[in-house]
There are 2 protein chains.
Amino acid sequence: MMRWKALISAALASASLPAVAMAEDGYALWMRYQPQAAIPGEVVRQPVSIVVPNATPTLTRAAEELRRGLSGYAAGPVATAPAVRAGSVMLAVAGDPAVASLHLPTRSLTDEGYLVRSVTIGGAPVTLVTGNSDRGVLYGAFALLRHLGTGGTLAKVDLTSTPKVKLRVLNHWDNLDGSVERGYAGQSIWDWWNLPDLKDPRYTDYARANASIGINGTVLNNVNAKADSLTAPYIAKAAALADIFRPWGIKVYLSARFSAPIEIGGLKTADPLDPQVAAWWKAKADEIYRAIPDFGGFLVKANSEGQPGPRDYHRSHADGANMLAAAVAPHKGIVMWRAFVYADTDPDDRAKQAYTEFKPLDGTFADNVLVQVKNGAIDFQPREPFHPLFGAMPKTPLVMEFQITKEYLGFASHLAYLGPLFQEVLDAPTGVKRGQTVADVVDGSAEGHRLTGMAGVANIGRDRDWTGSPFNQANWYVFGRMAWDPEADADTIAREWAAQTFTPDPAVVDPVVAMMMGSREAVVDYMTPLGLAHLMATGHHYGPGPWVSDLARPEWNPAYYHRADKQGIGFDRTRSGSNAVAQYAPPVAKRFADVGTVPERDLLWFHHVGWDRRMASGRTLWEEMVRHYDAGVGYVAGMRQQWDALRPRIDAERWEKTATLLAIQEREARWWRDASLAYWMSVNGRALPAGVRAPEHDLAWYKAQNFPRAPGHTG
Amino acid sequence: MMRWKALISAALASASLPAVAMAEDGYALWMRYQPQAAIPGEVVRQPVSIVVPNATPTLTRAAEELRRGLSGYAAGPVATAPAVRAGSVMLAVAGDPAVASLHLPTRSLTDEGYLVRSVTIGGAPVTLVTGNSDRGVLYGAFALLRHLGTGGTLAKVDLTSTPKVKLRVLNHWDNLDGSVERGYAGQSIWDWWNLPDLKDPRYTDYARANASIGINGTVLNNVNAKADSLTAPYIAKAAALADIFRPWGIKVYLSARFSAPIEIGGLKTADPLDPQVAAWWKAKADEIYRAIPDFGGFLVKANSEGQPGPRDYHRSHADGANMLAAAVAPHKGIVMWRAFVYADTDPDDRAKQAYTEFKPLDGTFADNVLVQVKNGAIDFQPREPFHPLFGAMPKTPLVMEFQITKEYLGFASHLAYLGPLFQEVLDAPTGVKRGQTVADVVDGSAEGHRLTGMAGVANIGRDRDWTGSPFNQANWYVFGRMAWDPEADADTIAREWAAQTFTPDPAVVDPVVAMMMGSREAVVDYMTPLGLAHLMATGHHYGPGPWVSDLARPEWNPAYYHRADKQGIGFDRTRSGSNAVAQYAPPVAKRFADVGTVPERDLLWFHHVGWDRRMASGRTLWEEMVRHYDAGVGYVAGMRQQWDALRPRIDAERWEKTATLLAIQEREARWWRDASLAYWMSVNGRALPAGVRAPEHDLAWYKAQNFPRAPGHTG
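What you see is a predicted model, and the numbers here were worked out from it, not measured in a lab. (Residues numbered from 1 in each chain as written. Chains lettered and ligands numbered in written order. Predicted model: local features only at pLDDT ≥ 70, side-chain atom pairs only at ≥ 80, totals over all residues. Heavy atoms only, no water.)

Another point: the sheet that holds strand β12 (residues 369–374) of chain A. Strand pairing in a sheet relies on backbone hydrogen bonds, with the paired strands running either antiparallel or parallel. Residue and element names in this part refer to chain A. Strand order in the closed barrel made by the 8 strands is β7-β8-β9-β10-β11-β12-β13-β14, with parallel pairing throughout. Averaged over all neighbouring strand pairs, the angle between strand axes comes to 25°, with direction disregarded. In terms of strand pairing, strand β11 (residues 334–338) meets β12 through 4 bridges, oriented parallel. When the bridges of β12 are listed, Trp337 appears paired with Val371. (Pairing = 2+ DSSP bridges. Helix = DSSP H or I, 4+ residues; strand = E, 2+ residues; numbered from the N terminus. Axes fitted to C-alpha atoms, helices over the stretch in contact; angles between N-to-C directions.)

Written out as structure tokens, the structure reads:
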């Protein structure tokens with residue numbers, strides 16, 4: 001007895017574990033590497049060693065991550081070894097002689113793919129992790145850890161995958177003062193003040209997490225950019241981060257403020273056709289590349305919501321993008337130019353403006369420019385039809401921009417798994433060619449583009465659990481996995497996330513995935529059912545504000561979007577209205593334009609219809625709307641029940657936090673439902689269907705709610 | 001072999017430790033409870049159990065903390081037991097029959113003191129932790145853990161202590177938007193947006209840390225207060241925190257905005273003598289006490305730096321304080337009224353104004369009012385003579401206000417242990433009576449006040465290590481320990497902090513304490529030697545700005561404080577100048593007023609003297625100043641060497657972070673020295689003494705440095 005006590009004590013001490021058991025605070029994300037009942041012990045039973053014949057900084061990190069993961073799953077130390085023996089895991093690029101002699105099908109892996117396979121080397125059974133580059137091997141190591149974390153074993157491994165999208169990039173809307181626009185998980189993780197000196201270990205964990213899901217780029221600063229981020233001190237700070245991220249296969253990008261040549265360059269203009277301006281950007285790019293040799297390039301929000309841009313000088317977006325592209329081209333950099341524009345003064349349907357402005361520019365962009373397009377034509381709503389630019393600019397690589405942070409879906413507190421939203425957009429047929437989907441446009445297969453990208457507006461902050469709740473981590477995860485494979489399935493990804501984040505035990509995974517899969521639809525139901533959009537309160541977008549109609553610009557007002565009156569509701573985007581529907585390819589346009597064929601979920605996005613219109617269910621539109629609101633609230637109540645039942649199977653801290661957030665979500669779902677119904681009734685003068693619960697307060701009460709300190713405000 | 005492997009694995013799993021060894025990230029503060037070579041194993045060798053005959057919420061937490069600590073030190077589980085046996089630790093109040101029968105000297109412990117002693121109960125050797133209240137027992141439990149964490153054992157324990165100050169309070173300058181005025185460790189730990197729902201486990205750890213050092217109150221919001229903190233939603237949020245803190249013996253206080261009756265009460269005035277105003281505050285206090293029955297009371301910054309106050313209505317500070325005091329008196333609440341005032345227009349020496357305004361009010365404050373006085377007459381400088389109000393208001397309890405956050409001492413990045421600063425102020429003789437010190441005034445012994453207090457402006461934020469660096473934790477620690485006993489010794493406290501924070505090994509404690517003990521004097525040397533003050537850059541107070549002389553109000557300018565010209569330097573506060581020195585009691589005033597007897601460290605605070613004045617060393621003032629600057633820089637270089645030598649003995653993460661911060665500190669110490677010397681030379685036209693290094697840049701370079709995003713800005 002004394003002996004094992006001493007040994008346990010020594011084990012605890014030598015691993016420098018804190019003596020106090022750490023709660024599961026969510027910091028480890030999906031990389032918990034815990035011993036699991038579901039893994040039948042192969043790792044433990046047979047000694048494992050890790051072999052890296054030819055180390056690089058990336059392979060060293062891949063090996064260290066495997067050591068960490070295998071040690072965790074095996075609940076004991078795992079050694080690195082100089083040579084393979086039975087049970088080794090070997091990490092080597094495909095060109096390594098030991099790998100080449102195996103004649104494995106590695107050519108199709110291209111640059112970043114991986115192959116993880118049980119092989120025999122010198123008579124010894126070995127798990128080989130390989131790829132054509134050390135980054136491929138790194139992704140293979142994470143694939144192996146994912147395999148083990150979802151119930152797999154080291155016996156007969158055969159995993160292979162190649163990313164379909166080249167640039168898999170997080171967009172941080174992080175300001176230099178530490179605030180995060182639309183951030184709900186605390187301050188920016190970038191401690192600009194103490195960079196480049198202080199290298200927070202969190203930066204490495206951030207890189208590990210991203211590499212584990214295939215993310216290979218990060219834009220450090222807000223698209224509403226300050227020119228300061230391009231000054232020498234901030235370039236040095238970005239370079240310090242780039243040095244940390246590089247071995248993890250992650251490139252650093254910066255949002256560029258178009259007027260920087262004036263603000264920090266001393267020029268009188270930022271006209272992209274002015275040679276001095278072009279020279280300034282070229283010199284600036286050279287300066288950046290001296291500090292960050294593999295700098296990814298620039299992301300630009302121009303002439304949108306008050307940002308400067310080439311239109312200030314009567315130049316086109318292409319003129320602006322191409323000028324910047326020329327500056328970074330000698331260094332193999334790229335420019336991601338956002339299509340999210342809507343004019344201060346344009347009286348046209350906001351949903352049409354990006355297409356109107358960018359479609360004619362197709363074919364005029366330089367080779368190293370990608371145009372970055374939000375998933376829908378308005379702004380990251382709980383549901384939008386796919387953006388009509390997808391399929392409409394065949395000569396231009398289009399980056400899909402998703403918002404991982406839930407600006408319009410309940411901030412950090414609501415449980416809303418975005419996998420189904422992402423999948424719904426990516427799976428949508430563009431109508432341009434038979435069978436062509438948005439995913440085909442994004443991954444370049446539609447037109448053979450080699451430069452492809454997917455961007456996700458990060459939900460990451462300095463909160464201990466990174467994203468403000470355990471379940472928000474799933475949205476970061478699913479973004480990375482779908483950027484790797486835009487045809488991946490939201491349900492499958494939810495399962496692998498849940499298994500790694502909690503346990504592979506189906507008694508946990510099944511109900512957790514069930515909760516997740518319907519959660520986004522629930523938000524649609526209690527916030528904006530049947531194609532409604534942008535009904536949130538002003539500015540911060542927290543809570544309902546369908547009654548708002550007095551803001552200066554028409555398209556700032558929820559009333560602009562729902563157009564409800566005594567007779568009906570919805571935005572007519574057919575020929576009798578704004579005709580935005582004509583921006584889609586003909587088969588899609590036809591389906592959306594016809595009130596008989598448009599999916600009911602998009603009805604009010606495209607059509608203004610009467611409150612008494614019969615729906616497929618036989619109910620009137622008004623009755624159907626009420627049912628959606630109630631279904632949304634009911635779903636949240638159901639999630640609470642499911643989560644309560646999981647209490648014995650989930651660690652206390654994450655269970656408690658999620659339970660609290662679900663309680664907040666149910667309260668706020670009721671608030672959304674009640675406020676919306678109270679408002680619609682004030683417009684349409686109708687009663688609620690029999691048996692339906694009346695709103696808790698009168699409309700005046702809901703209008704009086706006021707949240708001056710809601711998080712995530714613009715900087 | 002297989003068996004112990006399995007046992008270790010089981011031990012790891014059952015404790016729900018993360019499989020990956022956690023780095024020492026500083027979160028555990030001084031409560032690490034690690035197995036230590038320096039403890040010769042008593043805890044391990046003999047089974048320990050914890051017995052609580054009559055549990056209360058506070059005793060339960062004390063027992064849990066002991067279980068946690070003893071399990072850590074013993075590196076194994078420690079059980080709770082229903083009855084004492086040999087080796088038990090028993091927690092019980094002195095009135096408990098089992099304790100009363102021992103006839104221990106518990107009466108002198110008063111309300112919060114503790115007695116921890118090895119006793120025999122029913123023939124069994126037991127460690128008894130007792131006090132007259134469960135809070136006393138809680139402090140005893142922490143005293144026992146401190147004893148073990150500094151190398152003590154469970155054999156023959158005899159610890160007893162009673163706090164000398166009644167209110168030991170942190171002041172959080174935390175804004176409702178999550179920013180922290182003068183905060184350098186991230187956002188506010190209060191997540192106001194998600195309160196009262198989300199109860200971050202960090203709130204409990206905050207309470208544990210405070211209880212462990214005897215802090216029994218916390219003011220949640222900035223003294224530059226918003227009235228909103230007194231509205232119902234924010235009262236509910238504060239109540240949620242109070243519920244968490246209560247069992248740890250910690251009361252919640254709020255900063256009150258004096259104009260709240262206008263801003264949220266709908267009144268036309270906040271005149272303290274208006275009956276409607278008094279009634280509003282009374283109703284507001286009643287509302288707060290319904291939510292927080294043990295609410296501590298209000299802290300008020302009035303008529304200072306733009307804050308509203310009774311002077312707006314031509315009433316005195318006493319009128320304002322007494323009106324609020326009447327509102328909380330029925331609930332046994334108190335008011336802490338700050339004396340930090342200086343008028344917008346008063347042409348008099350800023351150092352004199354608080355005394356001028358408050359001294360005449362002595363004797364006019366209600367019984368439940370304390371006047372809170374900063375340690376010095378200006379504003380938390382690296383060194384100030386003690387505030388002349390201490391000793392000058394015998395009829396009024398004076399709260400000592402220290403600043404734990406290092407607004408003027410290098411933010412979070414410089415290592416500056418404030419123990420010597422606190423001790424220097426508390427040990428200062430007031431000159432009022434022979435032998436009376438500032439500590440005697442603060443602890444009430446000078447005049448027999450029963451209501452006494454010490455306040456510390458917190459350096460706590462949401463950073464993982466709470467305070468932005470491992471060593472800043474020591475300043476939180478020493479504040480609590482000195483609030484408990486204002487006559488405690490800074491060196492002793494540094495030793496106990498270092499032992500618990502790192503290891504009791506003298507090979508670590510000795511050099512760490514040596515570094516700490518000279519560190520504050522080093523900051524004085526490289527920033528403001530020989531009595532200089534307030535030479536920091538404008539607004540954020542980061543870096544040197546001795547040349548600043550163009551700000552609107554005279555006392556905002558460093559030039560106001562140093563008054564340097566070609567002939568000499570220093571602020572004449574003798575009779576030939578502002579005569580601020582006359583505010584001290586005669587013996588002290590006499591010593592300070594005489595340039596021959598004033599301590600050299602305070603010379604330029606009180607006197608304007610020539611650059612060639614001979615100092616005690618025989619050097620001229622100018623030569624002596626240069627030596628001080630060089631000594632400050634040299635001390636930091638020395639700390640870096642000492643820390644380098646400690647590398648093998650300190651965990652990697654805390655070592656690395658401290659090493660980086662010391663490098664920053666050395667760079668910035670040089671910057672301070674070089675910028676200051678360049679400026680003084682531009683004023684006095686003198687050369688540097690032979691062999692002294694010239695500033696690295698010219699004065700223009702130093703003046704051009706600009707830090708628009710320095711942290712800690714006012715809200």
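The next subject is helix α6 (residues 201–212) of chain A. Residues and elements named next belong to chain A. With 12 residues, α6 should cover 16 Å at 1.5 Å per step; its first-to-last C-alpha distance of 17 Å lies within 8% of that length. Counting buried residues in α6 gives 10 out of 12 residues, a clear majority hidden from the surface. One side-chain oxygen of the residue at the start of α6 lies 2.8 Å from the amide nitrogen of Arg202, identifying that residue as Asp200. (Expected span 1.5 Å × (residues − 1). Buried < 20%, exposed > 50% of the residue type's maximum accessible area, 1.4 Å probe, protein only. Polar contact = N/O pair within 3.5 Å; in protein donor to acceptor, adjacent residues only side chain to side chain.)

All names here are of chain B. Taken in spatial order, the 6 strands of this open sheet run β2-β1-β3-β5-β4-β6, and their pairing is mixed. Edge positions in the open sheet fall to β2 (79–80) and β6 (158–161), since each of these has one partner strand only. Where strand β1 (residues 49–51) lies against strand β3 (residues 88–91), 3 bridges are found, and the strand directions are parallel. Directly across from Val51, in β3, lies its bridge partner Met90.

So, on to the domain arrangement of chain A. Residues and elements named next belong to chain A. Assigned domains of chain A: these are domain 1 (13–161), domain 2 (167–501) and domain 3 (525–571 + 608–704). The C-alpha centroid of domain 3 is placed 31 Å from the C-alpha centroid of domain 2. The partner domain 3 presents 26 residues to the 25 residues of domain 2 that form the contact. Taken over both partners, the interface formed by domain 2 and domain 3 buries close to 2,200 Å², and the fraction arising from carbon and sulfur atoms is 56%. Across the domain 2-domain 3 interface, the total number found is 1 salt bridge. Residue Asp465 pairs with Lys657 through a salt bridge whose shortest N-O separation is 3.0 Å. (Domains from an automatic or database assignment. Contact = heavy atoms within 4.5 Å. Buried area = accessible area lost by both parts, 1.4 Å probe. Salt bridge = Lys/Arg side-chain N within 4 Å of Asp/Glu carboxyl O.)

Our focus in this paragraph is the packing of aromatic side chains. Residue and element names in this part refer to chain A. Inspection of every chain in the model, using the stated rule, returns 92 aromatic pairs over all chains. For the ring pair Phe502 and Trp643, a centre distance of 6.0 Å and an interplane angle of 65° mean the geometry is edge-to-face. Of the two residues, Phe502 sits in the loop between α15 (490–501) and α16 (506–527) while Trp643 sits in helix α20 (residues 621–645), which places them 141 residues apart along the sequence. Taken as a pair, Phe502 and Trp643 share a single burial class, namely buried. When the centroid spacing of 4.8 Å and the interplanar angle of 80° are considered together, the rings of Tyr560 and Tyr561 count as edge-to-face. Taken as a pair, Tyr560 and Tyr561 share a single burial class, namely buried. (Phe/Tyr/Trp six-rings, centres within 6.5 Å; stacked < 30°, edge-to-face > 60°.)

In the numbering adopted here, UniProt assigns the feature "domain: Glycosyl hydrolase family 67 C-terminal" (unreviewed entry) to residues 467–691 of chain A. As a span, residues 467–691 of chain A carries 54% helix and 2% strand, and end to end its C-alpha atoms are 39 Å apart. (UniProt positions renumbered as here; feature names shortened; annotations may be inferred.)

Here we come to the pattern of salt bridges. Think of it this way: side chains of opposite charge can pair up when their charged atoms draw near. Residue and element names in this part refer to chain A. Tallied over the entire structure, the rule returns 98 salt bridges over all chains. One salt bridge in this structure joins Glu24 and Arg32, with 2.9 Å as the shortest N-O distance. The burial state of Glu24 is the same as that of Arg32; both residues are buried. Among the salt bridges present, the one from Asp379 reaches Lys374, with a minimum N-O distance of 2.6 Å. In this structure, Asp379 and Lys374 share a single accessibility class: buried. One connected set of salt bridges, linked through shared partners, spans Arg383, Glu424, Arg520, Glu521, Arg601 and Asp602.

This part covers the environment of A:Ala291. Residue and element names in this part refer to chain A. Secondary-structure assignment places Ala291 in helix α9 (residues 275–291). Note on Ala291: relative accessible area 31%, which makes it partly exposed. Considered as a pair, Ala291 and Leu535 are 244 residues apart in the sequence and their alpha carbons are 45 Å apart. Beyond its immediate stretch of four places on either side in the chain, Ala291 contacts Ile235 and Ala239.

Helix-helix packing: each pair is described by the crossing angle between the helix axes and the interaxial distance. Residue and element names in this part refer to chain B. The N-to-C vectors of helix α16 (residues 506–527) and helix α20 (residues 621–645) enclose an angle of 155°; their axes lie 8 Å apart at closest approach. One element, α16, and the other, α20, form an angle in the roughly antiparallel class. Along this stretch, α16 crosses α20, giving a crossing that reads as left-handed. Contacts between α16 and α20 involve Pro511, Val512, Ala514, Met515, Met517, Gly518, Ser519, Ala522, Asp525, Tyr526 and Met527 on the former and, on the latter, His628, Tyr629, Ala631, Gly632, Val633, Tyr635, Val636, Met639, Gln642 and Trp643. Grouping the amino acids of the contact of α16 with α20 by side-chain chemistry returns 15 nonpolar, 5 polar and 1 charged. (Parallel < 35°, antiparallel > 145°, perpendicular 65-115°, else oblique. Left-handed = near helix turned anticlockwise from the far one by under 90°. Nonpolar A, V, L, I, M, F, W, Y, C, P; charged D, E, K, R; others polar.)

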